[in-house]
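Tertiary structure, described
Below, each chain spelled out in residue letters.
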Amino acid sequence: MPAGSIAHLAVETIQIDDIGPLIPLLDSRDPLLFIRRGQGIAGIGEAMRLEFTGPNRMADAAAAWREVLADASIVDPLGIPGTGLVALGSFAFSEHSAATSVLIVPSVIVGRKGATSWITRVNSDAPLPRPHAFGAEYRISLLPGAMKGDAFIAAVDTALERIHAGDVRKVVLARDLIGHLPEGADLRLVLASLALGYPDCFTYAVNGFIGSSPETLVRVDAGSVSARVLAGTISRGADAQADHDAAVSLATSTKDLDEHQYALTSVLTALAPHSSTLTASDQPFTLKLPNLWHLASDVAGTLSDGSTSLDLIAALHPTAAVAGAPTQAALDLIHELEPFDRGRYAGPVGWVGANGDGEWAVALRSAHVSHTGRVTAYAGGGIVDGSDPARELAETKMKFRPIVEAFG
């Protein structure tokens, strides 16, 4: 069961006039955020924190959330995704991680969906938050951490040997960069840079873990379930023709199509017990981001068993897009080859509401900021038969770019 007390929560949501950008409302050192295209939720303060560890961390979170709801009083005349009682969450990638997984109920939530804006207060009569000026600008360098470039190439070589031996079909290997913030650094500057540069991604901040992810792990809304699977990557071209050629190359790459199929199959397999109506894209499509192309597939269906979004992240994580296939063999190889604890990198990050609906991304393009200001960023790539170690290293550099530029 969780660390943290489960107490009565009195929750009230009211509609408000559009308050403008959400990021300036946040705490500069401990922001709580989950937005895309300027819409989503921003949290201020902390009414409740629930903490989880171990192999059942997500299932324990689902059980704890049901317990919270059983003793909460909720006034929510709007009844749209993100209103009423909401917790923001971030979960560790590995059951063995030293990182704590959390659900945080903010004292105040300001949200926006379409033309509707609202404020939710939890055990609070706080006034409507007002934007406050960003702190002084800063630039820091993120440098190789425990997994240097040559060590990463060696790890990919070993992974390919295991693939050729039949031990595993795909494994996702990551490396890390580290840096240190100046005292009093305003994390909202990083979030604003990510949200501006990557508006089609989920920009998030939960308990010192921040990033901007292109991948929807799962979305649950009024009985419907959807996901977006990303696997297979190539850098954008320098001009229009080169960019087109890059997209075509990705869409016809046997290596990338195989990598993508592993990821898609893992999502469909995990969701199948919860929905008998799942459909997926006939063929993966190329998804354009500012710095790269991804192969993407959309999955959609109707829930048949009343699962909440927390139940589904427990069923889905880890997908082959962030671990590999077969899952346990890939996780064992990750543990063997990566010289660090991933923490919450590549775990679920998002929010859950009072009816169990919610939206969760895969925590990619991310960095953890410790209370001492240490910044640790992660990026990885899927290794399959046909992978080239030097190209996999180059792919991690592309994936680091959003975080490196936001801090630098």
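The coordinates are above.
Residues numbered from 1 in each chain as written. Predicted model: local features only at pLDDT ≥ 70, side-chain atom pairs only at ≥ 80, totals over all residues. Heavy atoms only, no water.

**Comments concerning the side chain of R344**
Examined against the element boundaries, R344 turns out to sit in the loop between α7 (327-337) and β20 (348-353). For the buried R344, no salt bridge exists, and the shortest N-O distance to an oppositely charged side chain is 8.4 Å, to D30. If we ignore the near neighbours within four places in the chain, the residues touching R344 are S90, F91, A92, F93, A99, T100, V102, V206, N207, F209, A363 and H368. (Helix = DSSP H or I, 4+ residues; strand = E, 2+ residues; numbered from the N terminus. Buried < 20%, exposed > 50% of the residue type's maximum accessible area, 1.4 Å probe, protein only. Lys, Arg positive; Asp, Glu negative; His and termini not counted. Salt bridge = Lys/Arg side-chain N within 4 Å of Asp/Glu carboxyl O. Contact = heavy atoms within 4.5 Å.)

**Quick word on unusual backbone geometry**
Geometrically, the link from H317 to P318 is a cis peptide bond, its omega value of -5° lying close to zero. With respect to the helices and strands, P318 occurs in the loop between α6 (309-316) and β19 (324-325). Positive phi values are uncommon outside glycine, yet N207 reaches one of about 55°. Along the chain, N207 falls in the loop between β12 (202-206) and β13 (209-213).

**Observations regarding the pairing of strand β23 (residues 374-384)**
Remember that side chains alternate between the two faces of the sheet whenever the strand is regular. The element β23 is extensively covered by neighbouring structure, given that 10 of its 11 residues are classed as buried. By the bridge criterion, 11 bridges tie strand β11 (residues 170-180) to β23 in an arrangement that is antiparallel. Looking at β23, one finds that V171 is bridged to I383. Relative to β23, strand β22 (residues 366-369) runs antiparallel, the two being bridged by four bridges. The partner of H368 across the bridge, within β23, is T376. Hairpin connection between β22 and β23: a loop of four residues separates the two successive antiparallel strands, and G373 in this loop has a positive phi of roughly 95°. (Pairing = 2+ DSSP bridges.)

**Details of the packing of helix α1 (residues 57-70) against α6**
Helix-helix packing is characterised by the crossing angle of the two axes and by the distance between the axes. Two elements in contact, α1 and α6, have axes whose closest approach is 8 Å; the angle formed by their N-to-C orientations is 170°. In terms of axis orientation, α1 runs roughly antiparallel to α6. For the pair α1 and α6, the contacting residues are M58, A59, A61, A62, W65 and R66 in the first and L310, D311, I313 and A314 in the second. Tallied by class, residues from the contact of α1 with α6 come to eight nonpolar, no polar and two charged. (Axes fitted to C-alpha atoms, helices over the stretch in contact; angles between N-to-C directions. Parallel < 35°, antiparallel > 145°, perpendicular 65-115°, else oblique. Nonpolar A, V, L, I, M, F, W, Y, C, P; charged D, E, K, R; others polar.)

**Some remarks on the nonpolar core**
Ranked by size, the top nonpolar core spans 65 residues in total, and within it L9, F91, L103, L173, L310 and W360 carry the most contacts. Those residues in contact with L310, other than ones at most four positions away along the chain, are M58, A61, A62, W65, F91, L103, V352 and W360. Ranked by size, the runner-up nonpolar core spans 34 residues in total, among them L22, I140, I210 and V375. (Core = buried A, V, L, I, M, F, W, Y, C linked by side-chain atoms within 4.5 Å.)

**A few points about the pairing of strand β21 (residues 358-362)**
Of all five residues in β21, five are buried, a share of seventy percent or more. On β21, burial covers both faces: G358, W360 and V362 on one face and E359 and A361 on the other are all buried. Across four bridges, the pairing between strand β14 (residues 216-221) and β21 is antiparallel. Of the residues in β21, the one forming a bridge with T216 is A361. Bridge count for β20 against β21 is five bridges, and the pairing is antiparallel. Bridge pairing links V349 to A361 in β21.

**Some remarks on the environment of L287**
With respect to the helices and strands, L287 occurs in strand β17 (residues 285-288). Residue L287 is classed as buried on the basis of its relative accessible area of 15%. As a C-alpha pair, L287 and A185 span 102 residues in sequence and 34 Å in three-dimensional space. Those residues in contact with L287, other than ones at most four positions away along the chain, are R228, L230, L292, W293, H294 and A296.

**Some points on helix α5 (residues 254-271)**
With 18 residues, α5 should cover 26 Å at 1.5 Å per step; its first-to-last C-alpha distance of 26 Å lies within 8% of that length. Looking at α5, one finds that the buried residues are K255, D256, E259, H260, A263, L264, V267, A270 and L271. Buried residues along α5 cover an arc of 165° about the axis, so they all sit on one side. Seen from the buried face of α5, the exposed residues on the opposite side, beyond 90 degrees, are T254 and T269. (Expected span 1.5 Å × (residues − 1). Arc of directions from axis to C-beta.)

**Let's talk about the packing of aromatic side chains**
Using the criterion set out here, one finds six aromatic pairs in the structure. Between the aromatic rings of Y204 and F209, the centroid separation amounts to 5.8 Å while the plane-to-plane angle is 40°, which identifies the pairing as tilted. Both residues of the pair, Y204 and F209, belong to the buried class. Ring centres of F340 and Y378 lie 5.6 Å apart, and the angle between their planes is 50°; on these two criteria the pair is classed as tilted. With F340 in the loop between α7 and β20 and Y378 in strand β23, the pair connects residues that are 38 residues apart, well separated along the chain. Each of the two residues, F340 as well as Y378, counts as buried. Among the aromatic residues, those joined into a cluster by ring pairs are F52, F91 and W360. Directly above the aromatic system of F202 lies the positively charged group of R36, at a separation of 5.5 Å from the ring centroid. (Phe/Tyr/Trp six-rings, centres within 6.5 Å; stacked < 30°, edge-to-face > 60°. Lys NZ or Arg CZ within 6 Å of the ring centre and 35° of its normal.)

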